Amino acid sequence: AAAAALRRGLATTAQNNAKVAVLGASGGIGQPLSLLLKNSPLVSRLSLYDIAHTPGVAADLSHIETRANVKGFLGPEQLPECLKGCNVVVIPAGVPRKPGMTRDDLFNTNASIVATLTSACAKHCPEAMICIISNPVNSTIPITSEVFKKHGVYNPNRIFGVTTLDIVRANTFVAELKGLDPARVNVPVIGGHAGKTIIPLISQCTPKVDFPQDQLEKLTGRIQEAGTEVVKAKAGAGSATLSMAYAGARFVFSLVDAMNGKEGVIECAFVRSEETESPYFSTPLLLGKNGIEKNLGIGKISPFEEKMVAEAMSELKASIKKGEEFAKNFK
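Residues numbered from 1 in each chain as written. Predicted model: local features only at pLDDT ≥ 70, side-chain atom pairs only at ≥ 80, totals over all residues. Heavy atoms only, no water.

**Concerning unusual backbone geometry**
Part 1 of the argument: Residue proline 136 is reached from asparagine 135 by a cis peptide bond, and omega for that bond is -5°.
Part 2 of the argument: The amide bond that connects threonine 206 to the next residue, proline 207, takes the cis arrangement and shows omega of -10°.
Part 3 of the argument: With respect to the secondary-structure elements, proline 207 resides in the loop between strand E8 (198–200) and helix H8 (213–224).
Part 4 of the argument: You will see that histidine 53, though not glycine, has its phi angle at about 70°, which is positive.
Part 5 of the argument: One non-glycine residue, alanine 235, lies in positive phi territory at about 45°. (Helix = DSSP H or I, 4+ residues; strand = E, 2+ residues; numbered from the N terminus.)

What follows is the structure, encoded as structure tokens:
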């Protein structure tokens, strides 16, 4: 009991001391994400980095009556200072999708941005948890891994592709169709984070739900193409930023809770994986003090879901290879 009390005491002090950096903090995702992080009692220091506007964003957020200490950092020369001592780094930096674009169309721009930023992370906070939002995630995670390998500080348990928005959307759409409270619905989404690599496991939904096959196919398609739904609705003004910020914050809070010793924290994320023939794959992960505690794998799935996994493989592997090739040639 004394040990448990001591652990609780430590947890309480640790709990409000997460030092989080947001790289790309002035952007469409970065600003609302930073607002949600500033609003959380879990965060004690919030370091905001971007190549424009960060002093203003930081000044604005610093007036909010929560204890997170906010600091803005501007331009490459201030990046090392921004990263020093951070436990968690979230990277939403990059260009958003426009109508008619796939996530892969963002590749060259965002690949360079991610390689540059993660290279700084490998140098200045090699132990931090790295959470990548920048698309195409199916390629930017392999890039991040290769960059960390180059610097000799690679730990696959600390690098996450944030796919939480797919889960959030699946929960919302299932709840709408079944008249449930979305906060109580949990649909694991596995695979990757683009088109048909997004595989919602409706068969594993809690509470249990049933759909006729035609409705199931339509629902699955909507979850896979939900990002495009937003891109179209915004008609050239960007992609999913507010829901992505919410999903990114949800993932970071889960991670910090787990780092503080909370037990049973499970989130899906796109990570280095032995679960399938694809070297990276998203599955439910048990999170802990050191990042991934245990990969919970795919579990029992329906024949419809098995077929989707099989059909996603070639696209997944191609996107991963593209990321790895890019990292090899990146100077």
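**Topic: the environment of isoleucine 292**
Part 1 of the argument: Positionally, isoleucine 292 belongs in strand E11 (residues 291–295).
Part 2 of the argument: Spatially, the C-alpha atom of isoleucine 292 lies 8.3 Å from that of proline 156, the residues being 136 residues apart in sequence.
Part 3 of the argument: Once you skip the residues sitting within four places of it in the chain, isoleucine 292 turns out to touch Pro156, Asn157, Phe160, Val271, Leu285 and Leu286. (Contact = heavy atoms within 4.5 Å.)

**Brief notes about the state of the cysteines**
Part 1 of the argument: If you walk through the whole model with that rule in mind, you get zero disulfides.
Part 2 of the argument: Unpaired in this structure, cysteine 121 has its nearest cysteine sulfur neighbour in cysteine 125, at a distance of 4.4 Å.
Part 3 of the argument: Here cysteine 268 is not disulfide-linked; the sulfur of cysteine 205 is the nearest cysteine sulfur, at 12 Å.
Part 4 of the argument: Given a relative accessible area of 7%, cysteine 268 falls into the buried group. (Disulfide = S-S within 2.5 Å. Buried < 20%, exposed > 50% of the residue type's maximum accessible area, 1.4 Å probe, protein only.)

**Considerations on the pattern of salt bridges**
Part 1 of the argument: This structure, assessed with the given rule, holds ten salt bridges.
Part 2 of the argument: A salt bridge links glutamate 146 to lysine 149, with the shortest nitrogen-to-oxygen separation between them at 3.0 Å. Of this pair, glutamate 146 and lysine 149 both sit in helix H6 (residues 137–150), three residues apart, which is roughly one turn of that helix.
Part 3 of the argument: We note a salt bridge from glutamate 267 to arginine 250, for which the minimum N-O separation is 3.1 Å. (Salt bridge = Lys/Arg side-chain N within 4 Å of Asp/Glu carboxyl O.)

**Points about the domain arrangement of the chain**
How big an interface is tends to be stated in terms of accessible area lost as the parts join.
Part 1 of the argument: According to the domain assignment, the chain consists of domain 1 (18–162) and domain 2 (163–320).
Part 2 of the argument: Its C-alpha centre places domain 1 at a distance of 21 Å from the equivalent point of domain 2.
Part 3 of the argument: The partner domain 2 presents 45 residues to the 35 residues of domain 1 that form the contact.
Part 4 of the argument: When domain 1 packs against domain 2, close to 3,300 Å² is buried across both sides, 69% of that on carbon and sulfur atoms.
Part 5 of the argument: Run the count over domain 1 and domain 2 and you get zero salt bridges.
Part 6 of the argument: Where domain 1 touches domain 2, the interface holds ten residue pairs in polar contact (both at pLDDT 80 or more). (Domains from an automatic or database assignment. Buried area = accessible area lost by both parts, 1.4 Å probe. Polar contact = N/O pair within 3.5 Å; in protein donor to acceptor, adjacent residues only side chain to side chain.)

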